[in-house]
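Single-letter residue listing:
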Amino acid sequence: MSKVILVATEKPFAKAAVDRMKEVVAKNPDFELKLLENYTDKQEFLDAVKDVDGLIIRSDKATREVLEAADNLKVVVRGGAGYDNIDCEAATEKGICVMNTPGQNSNAVSELVFGMMLNLVRHQYVGKPGTELRGKSIGIHAYGNAGKCVARLGKGFGMDVYAHDPYVDRSIMENDGVKPVDSREELYAICDFISLHIPGNDETVNSINFELLSKMKEGAALINTARKEVIDEEGLKKMFSERPDFCYGSDLTPDCKDEICTTCGDRSFFTAKKMGAQTAEANINAGVAAVTQIINFFEKGDETFRVNKKA
Ligand code: 3PG
């Protein structure tokens with residue numbers, strides 16, 4: 001009997017990506033692809049996972065309840081980088097392998113960083129004179145795949161590129177022509193733009209607080225294409241009220257968006273929904289990688305991108 005791979009996406013992959021995923025699976029008669037797209041009710045997800053062997057998701061929440069409802073599930077692949085939406089502990093307990101597809105959507109995310117920066121420095125194109133990115137400094141907070149792409153694009157814009165990441169060796173940054181900075185505080189103090197690329201976890205939740213933000217240079221802007229939860233919203237609101245020069249562009253709508261927009265509309269920019277990875281290219285990369293990883297997991301026992309512990 002063929003193994004069933006379910007793609008469950010509240011925010012679906014682009015059609016071109018789904019077509020390519022279907023092509024990959026069609027070449028292998030041992031696998032079958034099922035789609036649950038645009039679902040709005042958790043129960044639909046719970047019903048759909050019941051008999052599947054592999055699961056591909058995006059920011060969809062693979063909670064303990066979902067994993068426990070999936071009687072045959074052996075592998076979950078997050079088509080993307082962050083896996084904070086998956087209960088990895090529950091997966092380990094159930095013997096399920098969790099993987100991500102690192103790097104597959106990084107270029108898309110980093111291009112959006114520059115889109116948001118331009119939006120802010122050109123005052124959202126309302127006709128007011130703005131400023132340029134060339135000659136300004138950008139501080140990359142966490143130097144993973146997306147951070148590296150931001151560095152590459154930053155250099156293309158003629159910016160001075162700095163990065164802080166306690167988990168990455170300085171020489172990796174230096175080889176990319178990026179200046180390593182030892183502390184977050186220093187990074188925030190010296191750069192005209194800060195681009196967040198930290199993951200969402202217990203260590204980072206609410207970690208971008210007023211104490212840190214208040215170190216930012218006069219007129220500096222924070223760009224968040226990482227996670228909503230890493231921002232301490234009380235601190236964000238305080239920053240907007242105490243620092244009339246501060247700008248914020250985010251791909252993750254904060255709960256306090258309306259409050260910020262009423263008073264500081266032109267200093268903030270928010271996408272309509274999370275758009276960082278939402279390009280045809282990124283969707284094809286992540287979707288094809290996800291489906292290939294699942295096939296390789298079953299056929300070769302390949303767990304290269306495993307992110308959860310083994311039981
Ligand atoms: C990621 O972690 O890869 C990004 O946040 C993209 O998320 P999305 O696939 O839900 O848009």
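All values reported here derive from a predicted model rather than from experimental measurement.

What follows is about the site of the ligand. Residues in contact with the ligand, as listed here, are K11, R58, S59, R78, G79, G80, A81, G82, N105, R227, K274 and A277. With respect to the ligand, the side chain of S59 contributes an N or O atom lying 2.4 Å from an oxygen atom. K274 has a polar side-chain atom sitting 2.7 Å from an oxygen atom of the ligand. Against a free-state accessible area of 320 Å², the protein chains account for coverage of 95% of the ligand. Split by residue class, the shell around the ligand holds 2 nonpolar, 5 polar and 5 charged.

We now examine the nonpolar core. The biggest cluster of nonpolar side chains holds 28 residues, and the ones touching the most others in it are Y188, L196, I208, M216 and L222. At the level of secondary structure, the elements contributing two or more residues to this core comprise α8 (184-190), β9 (193-196), α9 (210-213), α10 (233-242) and α11 (257-264). Formed by 24 residues, the second largest nonpolar core is a distinct cluster that contains M116, A151, V178 and A221.

Our next topic: the domain arrangement of the protein chain. By a widely used convention, the size of an interface equals the accessible area lost when the partners come together. Domain annotation for the protein chain reports domain 1 (3-104 + 279-300) and domain 2 (106-270). Taken over C-alpha atoms, the centre of domain 1 sits 31 Å from the centre of domain 2. Summing both partners gives a buried area of about 450 Å² for domain 1 against domain 2, and 42% of it is carried by carbon and sulfur. Area buried by domain 1 at its contact with domain 2 is led by D84, G103 and T279, which between them contribute 67% of it. Counting every contact that joins domain 1 to domain 2 gives 1 salt bridge. With a shortest N-O distance of 2.9 Å, R227 and D84 are connected by a salt bridge. Put simply, domain 1 and domain 2 have 2 residue pairs in polar contact (both at pLDDT 80 or more) between them.

Cut-offs applied
- Residues numbered from 1 in each chain as written.
- Predicted model: local features only at pLDDT ≥ 70, side-chain atom pairs only at ≥ 80, totals over all residues.
- Heavy atoms only, no water.
- Near = heavy atom within 4 Å.
- Polar contact = N/O pair within 3.5 Å; in protein donor to acceptor, adjacent residues only side chain to side chain.
- Areas by Shrake-Rupley, 256 points an atom, 1.4 Å probe, with all protein chains shown as cover.
- Nonpolar A, V, L, I, M, F, W, Y, C, P; charged D, E, K, R; others polar.
- Core = buried A, V, L, I, M, F, W, Y, C linked by side-chain atoms within 4.5 Å.
- Buried < 20%, exposed > 50% of the residue type's maximum accessible area, 1.4 Å probe, protein only.
- Helix = DSSP H or I, 4+ residues; strand = E, 2+ residues; numbered from the N terminus.
- Domains from an automatic or database assignment.
- Buried area = accessible area lost by both parts, 1.4 Å probe.
- Salt bridge = Lys/Arg side-chain N within 4 Å of Asp/Glu carboxyl O.

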